[in-house]
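Descriptive analysis of the structure
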Amino acid sequence: MPTMQHDAFGEHFANPRNVGVLAQANAVGSVGTMGWGDAVKLMLQIDPATDRIEQARFQTFGCSSAIASSSAITELITGKTTDEALEITAADVVDFLGGLPAERMYCSVMTYEAVQNAIADYRRHGAPAPAADSATICKCFGVTEAMAARTIRINHLTDPHQVTFHTKAGGGCFGCYKQVETVLARVNAEMVAEGNLAPRQAYRPGSVPPSSEALKPRGDAPPPLGSGARANIPSHIAIPPRPAPTSAAPRPVLPPSENRDRGTPEQFELIKQAVEALRPHLQRDGGDCELVDVDGNTIYLRLSGNCVDCQLASVTLSGVQAQLAEKLQRVVRVVPVS
Amino acid sequence: MVYLDANATTAVDPRVVDKMLPLFTETYGNPSSKHGFGEAAGAALRRAREQVRALLGAEQAAEIVFNSGGTEGANAAIMSALEASPRRREIIISAVEHPAVLALCAWLEKNKGIRIHVIPVDREGWLDLAAYKAALSERVAVVSIMWANNETGVIFPVPELAEQAKEFGALFHTDAVQAVGKLPIDLKATEIDMLSLSGHKFHAPKGVGALYLRSSVRFKPQLKGGHQERGRRPGTENMPGIVGLGAAAELAAAHMDDENVRVRALRDRLEQGILAEVGQCVAVGAGAERLPNTSTIAFSFIEGESIVLLLDRAGIAVSMGSACSVGSFEPSHVLTAMHVAKEAVRGAVRFSLSRDTTEADIDRAIAAVPPIVAKLRAISPFGSQEGAPQALDQAHV
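Residues numbered from 1 in each chain as written. Chains lettered and ligands numbered in written order. Predicted model: local features only at pLDDT ≥ 70, side-chain atom pairs only at ≥ 80, totals over all residues. Heavy atoms only, no water.

**Quick word on a nonpolar patch on the surface**
Taken together, V17(B), L21(B) and F24(B) make up a surface patch of nonpolar side chains, about 260 Å² in accessible area. As for its placement among the helices and strands, L21(B) is situated in helix α1 (residues 14-25). (Patch = residues over 30% accessible without salt bridge, like charges linked within 9 Å, V, L, I, M, F, W, Y side chains within 5 Å. Areas by Shrake-Rupley, 256 points an atom, 1.4 Å probe, with all protein chains shown as cover. Salt bridge = Lys/Arg side-chain N within 4 Å of Asp/Glu carboxyl O. Helix = DSSP H or I, 4+ residues; strand = E, 2+ residues; numbered from the N terminus.)

Below, the structure is given as structure tokens:
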């Protein structure tokens, strides 16, 4: 049996305090989404006369650490003024719980962010929230540069893996590892200049390798995992037999323009529309795609923006292929061209 | 405690322990030695090899190579196949392979320029056979497709896949770690060239397993050393482990009917009991052919680790869909490949039974799960417990 039976962590996980919707809340802070694997919604009732948090409740989707951290933060901020609550850090939550697993530190950071968001919400008096505070560095988990920077600063982080454990940045496709390193080095340098960090502790990019042998397609390497087979074609669409294999593995090349079979203008227009319909999804992640041409059942697309370096490009491509096949109701092959 | 995590590992059968103990202090000789101690160990080694041969239905005992388990077997099989046919630079795997195969193939792709075909599965977990056929060619060195999936128990038609691979001269390896001991296997009636198994999944100790190598297969050992296992796996044999593996193999064959009748009935009762009591959950892969002992249920709007820890406190040991490995926060690749709905993909829990599982265990599990799911759903901001279902596509809750 795990040893959490009697400690604060186990208690706040198994019997969390202040769970549920707070109907009279005048401040709400949300962090995370279901797709990212964790989501916290913090609801506060703040007395406008005293600026004190009279009541706090939460709803959380996530692991034991996320639930325990949420319970802890409600206990820590109840009775505090908003200024005092803003000063409570993720480390205070961890201390309150008697520790969190190293790779779950982001759970305490989420609750810190939820308090910041809730009080910002309260102070806006119902005005809409401003746009995201800075560029997104980790699109897997929606981590912005500013969020990573303040987490590094507040929690004195000096190692990129610690940043991943505190923010999840770099814990998905590993594609943003370099950006994490850059932000870490910049903030550490600022901390040194401010006298808050010994120079020898500051992080130098490249000094710690990424944790995983990621599926990163490189330069002229063979097609990435998943792109070779006809991945993700919906099963109700019949797949015609592939022509007999020729000698060497053929690299996809765009045939000469005059030899391409674009089908009827209506068919071509349909493909164009289907590709257009997909673009907002890619743009949301900072990527994009563009229809280059069509040759029979082969659709040539150009990926740009974040899609180019994304380690999940093969997944994106097979997803695009599946969605196009679904929309067009026939088997198509999506081939990236640069 | 109720132990429903047999796909992670099983208890060593006490009869297996009895057979192993003398190897530590009495017949502790090295099978390579020429004296009486060595001969006794050699006889034990031969007996164990024959026991494993019988469980697998292999033609010859010499086709069994003892090793440390599934990861070693899969690595040895795939690396050997590439070395044995250097002109073939492609591998076919499924999207739901164990990390022992997936991570190796990712490494081979990145560092050795090997092309990897990843065959998708559908929502029930069935392999896309058309995609498999399309990927086969004379360029494929080896196909490595698991016999049964560790997370869902879904069974692939491995004998049929092996026959198709043979038409192109590709070697066929199967990770049968979850299948051996649970499914009847008769290798001599198939075209399977290599098979990996791990003892601790069927009541043998951890750290011992075997690689089946058809006698016609050219094998290139990755470990260089002595003549043990005919040079195919050098290093002094793990004699207590090997003897335990042999004894467990014999017991597994004897329990095969129990596994397929009694355990299957228990599994079905558990699954139906939970599905009947808990709404908004789905048995993953239940529409496909599955191992008789495995049930993975994905609960919407809650997260698997919380369920597993609360069940643990209630005295029930289960696993989550192998998510949140250190350094990654992505959900299980198996459930993702099966397109499990996104509100449920992080709420998957695997119940896996063994011959040690009792009726009372299942009763306790059926009683424990619904209140825990209800409790976590009351904490979750998602789902419909507060009235109308909330939109799940929003960026924020």
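**Concerning the nonpolar core**
All names here are of chain B. Judged by nonpolar contacts, the single largest core of 99 residues is most densely connected at I91, Y132, V143, W147, F156 and F172. A per-element tally of this core places helix α7 (residues 239-277) first, with ten residues. Looking at this core, you find at least three residues from each of domain 1 (12-252) and domain 2 (256-379). If we skip the residues at most four places from it in the chain, F156 touches S94, V96, V121, G125, W126, L127, I145, M146, W147 and L161. (Core = buried A, V, L, I, M, F, W, Y, C linked by side-chain atoms within 4.5 Å. Buried < 20%, exposed > 50% of the residue type's maximum accessible area, 1.4 Å probe, protein only. Domains from an automatic or database assignment. Contact = heavy atoms within 4.5 Å.)

**What to know about the sheet that holds strand β2 (residues 64-67) of chain B**
Residues and elements named next belong to chain B. Spatially, β2-β8-β7-β6-β5-β3-β4 is the arrangement adopted by the seven strands of the open sheet, whose pairing is mixed. Edge positions in the sheet fall to β2 and β4 (115-119), since each has one partner strand and no second. Each strand of the sheet is rotated relative to its neighbour by a mean of 20°, with strand direction disregarded. Relative to strand β6 (residues 171-175), strand β5 (residues 140-144) is paired through three bridges, and the arrangement is parallel. Following the sheet pairing, V143 is matched in β6 by F172. Helix-sheet contacts for helix α4 (residues 99-112) involve β3 (90-94), β4 and β5, and the interaxial angle to β3 is about 150°. Contacts from helix α6 (residues 158-167) reach β5 and β6, with the element oriented near 160° to β6. (Pairing = 2+ DSSP bridges. Axes fitted to C-alpha atoms, helices over the stretch in contact; angles between N-to-C directions.)

**Comments concerning the sheet that holds strand β2 (residues 38-47) of chain A**
All names here are of chain A. If you trace the three strands from one edge of the open sheet to the other, you get β1-β2-β3, paired in antiparallel fashion. Two strands bound the open sheet, and with one partner strand each, they are β1 (27-33) and β3 (52-61). Between one strand axis and the next, the sheet turns through 10° on average, direction left out of account. Judged from the nine bridges that link them, β2 and β3 form a sheet pairing that is antiparallel. Looking across to β3, one finds that M43 is bridged to R57.

**With respect to the pattern of salt bridges**
Enumeration according to the criterion identifies 30 salt bridges over all chains in this entry. Its salt-bridge partner being E190(A), residue R153(A) comes within 2.6 Å of it at the nearest N-O pair. Of this pair, R153(A) sits in helix α6 (residues 145-155) while E190(A) sits in helix α8 (residues 177-193), placing them 37 residues apart in sequence. R153(A) gets classed as partly exposed once you look at its relative accessible area, which sits at 31%. The salt bridge partner of R139(B) is E90(B), with a shortest N-O separation of 2.7 Å.

**Some thoughts on unusual backbone geometry**
Not every positive phi belongs to a glycine, and H156(A) is a case in point at roughly 55°. Along the chain, the position of H156(A) falls in the loop between α6 and α7 (160-167). Residue H156(A) is classed as partly exposed on the basis of its relative accessible area, which comes to 43%. You will see that Q280(B), though not glycine, has its phi angle at about 50°, which is positive. Examined against the element boundaries, Q280(B) turns out to sit in the loop between α7 and β9 (281-284).

**Quick word on the UniProt feature "binding site: [2Fe-2S] cluster" (unreviewed entry) in chain A**
Residue and element names in this part refer to chain A. Following the UniProt record, one finds the feature "binding site: [2Fe-2S] cluster" (unreviewed entry) at C138, C140, C173 and C176. Spanning 39 residues, the named residues form one tight spatial group whose C-alpha atoms are at most 9.3 Å apart. If you trace the backbone, C138 turns up in strand β4 (residues 136-138). Exposure remark for C138: the relative accessible area of 2% places this residue in the buried category. By secondary structure assignment, the location of C176 is in the loop between α7 and α8. Leaving out residues up to four positions away in the same chain, C176 has contacts with I137, C138, A169 and G170. (UniProt positions renumbered as here; feature names shortened; annotations may be inferred.)

**Points about the side chain of D38(A)**
Residue and element names in this part refer to chain A. Mapped onto the secondary structure, D38 falls in strand β2. Owing to a relative accessible area of 3%, D38 belongs among the buried residues under this scheme. At a separation of 3.3 Å, a polar atom in the side chain of D38 contacts the side chain of Y106. Polar contacts involving the side chain of D38 include one to the side chain of K168, which spans 2.6 Å. The contact partners of D38, leaving out residues within four places of it in the chain, are V31, G32, T33, F61, G62, C63, A66, Y106, M110 and K168. (Polar contact = N/O pair within 3.5 Å; in protein donor to acceptor, adjacent residues only side chain to side chain.)

**Things to note about the side chain of S332(B)**
Residues and elements named next belong to chain B. Relative to the assigned elements, S332 resides in the loop between β12 (319-320) and α9 (333-337). Of the polar contacts made by the side chain of S332, one reaches the side chain of E151; its length is 2.6 Å. Of the polar contacts made by the side chain of S332, one reaches the backbone nitrogen of L335; its length is 3.1 Å.

**A closer look at the environment of R230(B)**
For R230(B), the position within the fold is in the loop between β8 (209-213) and α7. Taking the C-alpha atoms as reference, R230(B) lies 8.7 Å from A62(B); in sequence the two are 168 residues apart.

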